[in-house]
Structure formats: C-alpha cells, structure tokens
Amino acid sequence: MSGRPLRLLAALAALVLAGPAVAATQACRLPGVEHEARCGIVKRALDPARPDGPTVDIHYAVLPAVARRPKPDPVLFLAGGPGQGAIDIAGTVQRLMGRLGSRRDIVLVDLRGTGRSAPLDCADSDPLGPLAAGADPARRLAALKSCRERLQKLPYGDLRFFTTTLAVQDVDAVRRAVGAERIDLVGVSYGTRAALEYQRQFPQAVRRLVLDGVAPPDMVLPAAVSVDAQAALDGLLDACELDTACRARFPALRATWSTLLASLPREVELMHPFTGRRETLAVSRDLVASLVRQALYVPAWTSALPAAIAEAAAGRFDGLFALAFSGLDMRGRGIAQALHFSVICAEDAPRAASDEAPGRDFGSTFADEYAAACRDWPRGEVPPAFYRVVPSPVPALLLSGGADPVTPPRHGARTAAALGPKARHVVVPGAGHGVLAVGCIRDAVFRFIDAETEADALAVDFGCAATLPRPAVFVPPGGPR
C-alpha cells in the first residue's frame, strides 16, 4: 500500500475534514493477510478548533467479508498500547476475528500517532544491540527527550493533540467513510479505553461492544502496574505450591525469589537472547522485576518462570532474559513511544496519586519513570467526562484473564458495574493479558456479535471460561543443578 494520500481524497480535503459519507479506497496487501484488502485515508484537523490548521492522515484498512451480501455493521478493531498500530497486526486480527469476517467487514484503524497515521515513533532500542543499552533508565529517558524534541519539529508535532478523546473522533470519521451506520466495536488492552470513550461520544453508532483486557479511563496505569503485577506473581507462586511437580522441583520458590532479589544488584555474564553473544551486565532489582513482569503477560511464558527464577538465583540469568525477550517483535511493529507518553502524560499522570500501596516486589520504579518522562511532556486537554464510564445502551462484553499482570479482573469488574445491566463480565481464570485468542472464547464472542437480538447476545453461554486450566508449570528434565 502506498503511504501517500489518494489523489481523490486530497482533492476533496475540505469534505473529508468534515467526514465523508463514503470515501474512496484502493486495493492493498496487509501483513499476514492472504487476501486483498481495501485501504483508505481520512484527512483530519490536528486541532479540531483549527480546521484550517495542520492536518493528519488517518489510515484505515478494510478486510472484506467473505459473504456476497455482508451484514451492514462491520467489526471495527482498536489495538492496544497506547501506541500500537492496528494495520500492522492485520494478520493477527483476522485470526482472532475469523468467523466474524465471514459475514462482516473488519475495519482496522491506525489511531492518530500510531502506525501510518502521523506516527509518533521513536528510535526504539535495537533488540540486537548490547543489553546494557536498554537496561539504563537514564539513557532511556534521554533518548525519549531527544525523540520528543525531534517530533515537535514536524508539521503535526504539537503533542497536545494526541489524546484518546481526539483519536476516537477520527475513528468516527472512518466509520462514516466506510458508510456504516453502526459498528461492532472491539478493543483490546488500551483499545478498550478508546472503545469506551468512543461509545461515550458516539453511543448511537455502536451496536455491540467487546472489551478484552479492560483498561478503563480512570485506571492510572503507572501506579496500577505495580499492584497488578504483584498479584499476578503471587498467583504464580501460589500455583507452584499447589502443583505437585512444581512443588517437588521448586519446594521453596518464594524463598528462592526473595533470595534472588536480595542478591541484587550484581554483575552477571549471560547470553544475549537474540545474538547469542556473551555479555557482562549489571543487573538491578528493578531490571529483574521488569523482566518478570514481561514474562507474566502470557501464561506459556509464565509457566517457565519458576525455572527461570531458580536459575537466576543460582547466578544463571539466561532463561529470565530469554523469557522477557520473547515478546519483542523483531519486525519493528511495536509501540509508538511518543504517542504512548502523549496519552499517558495527559490522561494518567495528572491523577497519579493513589491510595494503593505499590506491589511488594515491584515498588514504585515504574511509576517514577513515567513521572520523570511526563514532567516536561506537553499535555493535551482531557474533559472531566472522559473519566466517567456511563451505562451502556447496547450489549457490552468484558473479558478478563485471571492471571493478567496489567488489566486483571478487578478493572473489568468495576467497569462492568458502571456499564450497567447490559454488560457481562467474563473471567478466564488461567488466562493472561488478552483472552480473545482462546478458542472457546473466540467462538462465544462470534455468537455474541452475530446474535440478532440484544437478549440473545446477553444470553450467550461463556461457561467454557471456567473450565480452562492454567498451563502447567514447566519443570525441566533432570534434577537441580
């Protein structure tokens, strides 16, 4: 797909700024998608109060329904982060939405600041570079400041205008561009916050609402991370004590974890997970906590954490780093860092004070780094109504993983309560961050969206969630080394 605006859209710029009835698209190929898609752009004012000022091109893609006569309400997908572009993960979305794509178009929107839509990308740490480069908080903060100063020189570089409130107004322009009266809105992680804000502003445009890994607008991310990661880690330690094989192999895992933390900081030699080079690295308590938090996102990785913790306590950190690096995307489809901080610094940082004590092992380091980054970051305006979740006028389905270290069920439960009687909250006890990939959940979500009536949607059976086990703890062969 070309990165340049379509000539037709450029010629009709004034009309597009107001939101076209149906916009022109062109055939395109998307990563991981076998069939041809349709791609388009809507041109939007950077600052809605200045329609004649700088503009941003909002890119979207449509995965056409297989059916000859598709349903009129497409599924519109909002990615996570904040900072992830939806179009770059088109192949993953198509697999998640599989059966829905047979009857409905699937619409992917790169929110302003992400993907191809006026991207606010920074030069992320090179995953092939020395490990020490990405482990130094001062170096990360300096790189972020340099990135911010570079981006502010761009025509669209006023970072005050990259908030969730403005981003969902762009989404509604896309809805109108594809000619949809109503949409089935699906958000994952941060995309759930965007979906809630979209429904608050445009309730008449939503037919069904699906939130996977709920991050409500009043969730103060930097503070909540420590509490939620601690709960997920404690859940793992509890699971090991209840698992015969894990308890036999790691009979004192809690004590081993405490011993590991007490031994830090220390200088260790380890193998770079991607290059295989041996490196010497100063490993701090905060770095180990960060590595463990990353590994807690996916149950398959979490199952290997007891072995990795035991190895690290014995001075062998290769496994712990390998687990944490498992989530890095070597193809460069990561998070637009400057967009991430533009959102968090505007929406979360002003409310950073929390009555919750930080997690015992994770402390306040994460929140402190965000506070330092946000100190000089331009902050957009956030309307007070943004933080209030209003009752949903349509069926809303909220999904939570019981072992999720960042958007656990506690956030989904209070959001469901605020959404009211048309909201259902489904918890998958053994799942981590995001549960749409779980087979029986994916099928039930299809039935929820595909149901003809609201009553049928709310009656869909999600009982399979309770029977899905947590992955067994990985116990390496052989005895302790």
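Scroll up for the structure.
As a starting point, this report considers the structure included with it. Here the structure is a predicted model, which means the values were calculated and not measured.

### Quick look at the packing of aromatic side chains
Now for step 1: Enumeration according to the criterion identifies eight aromatic pairs in this entry.
Now for step 2: Here F386 and Y387 contribute two aromatic rings whose centre-to-centre distance is 5.1 Å and whose plane-to-plane angle is 80°, an arrangement assigned as edge-to-face. Residues F386 and Y387 agree in their burial class; the two are buried.
Now for step 3: Ring-pair connections join several aromatic residues into one group, and the members of that group are F341, F366, Y370 and W377.
Now for step 4: Over the ring of Y387 we find R351; its NZ or CZ atom is 4.5 Å from the centre of that ring.

### Description of helix α11 (residues 253-262)
Now for step 1: Regarding α11, the residues found buried are L253, W257, L260 and L261. The buried residues of α11 occupy an angular sector of 95° when the element is viewed end-on, so they sit on one face.
Now for step 2: Summarising the contacts, the buried residues of α11 are in contact with α9 (221-242), α12 (285-295) and α14 (305-313).

### Quick notes on the packing of helix α16 (residues 337-347) against helix α17 (residues 365-374)
Now for step 1: The N-to-C vectors of α16 and α17 enclose an angle of 95°; their axes lie 10 Å apart at closest approach. Judged by the angle between their axes, α16 and α17 are roughly perpendicular. Counted together, H340, F341, I344 and C345 of α16 and Y370, A373 and C374 of α17 form the full contact between these two elements.

### Some remarks on the pattern of salt bridges
Now for step 1: Within this structure, the stated rule accounts for 32 salt bridges.
Now for step 2: E452 is paired through a salt bridge with K71; the nearest N and O atoms lie 3.2 Å apart. Taken as a pair, E452 in the loop between α19 (439-450) and α20 (454-458) and K71 in the loop between β3 (55-63) and β4 (75-78) lie far apart in primary sequence, 381 residues in all.
Now for step 3: Taking the relative accessible area as the measure of exposure, E452 reaches 61% and is therefore exposed.
Now for step 4: K71 gets classed as partly exposed once you look at its relative accessible area, which sits at 30%.

### Considering the pairing of strand β10 (residues 396-401)
Now for step 1: Burial within β10 is extensive, with six of its six residues counted as buried.
Now for step 2: Burial along β10 is two-sided: the face carrying A396, L398 and S400 and the face carrying L397, L399 and G401 are both buried.
Now for step 3: Here strand β7 (residues 206-212) pairs with β10 via four bridges, running parallel. The residue of β10 that forms the bridge with L209 is A396.

Thresholds, definitions, all that
Residues numbered from 1 in each chain as written. Predicted model: local features only at pLDDT ≥ 70, side-chain atom pairs only at ≥ 80, totals over all residues. Heavy atoms only, no water. Phe/Tyr/Trp six-rings, centres within 6.5 Å; stacked < 30°, edge-to-face > 60°. Buried < 20%, exposed > 50% of the residue type's maximum accessible area, 1.4 Å probe, protein only. Lys NZ or Arg CZ within 6 Å of the ring centre and 35° of its normal. Helix = DSSP H or I, 4+ residues; strand = E, 2+ residues; numbered from the N terminus. Arc of directions from axis to C-beta. Contact = heavy atoms within 4.5 Å. Axes fitted to C-alpha atoms, helices over the stretch in contact; angles between N-to-C directions. Parallel < 35°, antiparallel > 145°, perpendicular 65-115°, else oblique. Salt bridge = Lys/Arg side-chain N within 4 Å of Asp/Glu carboxyl O. Pairing = 2+ DSSP bridges.

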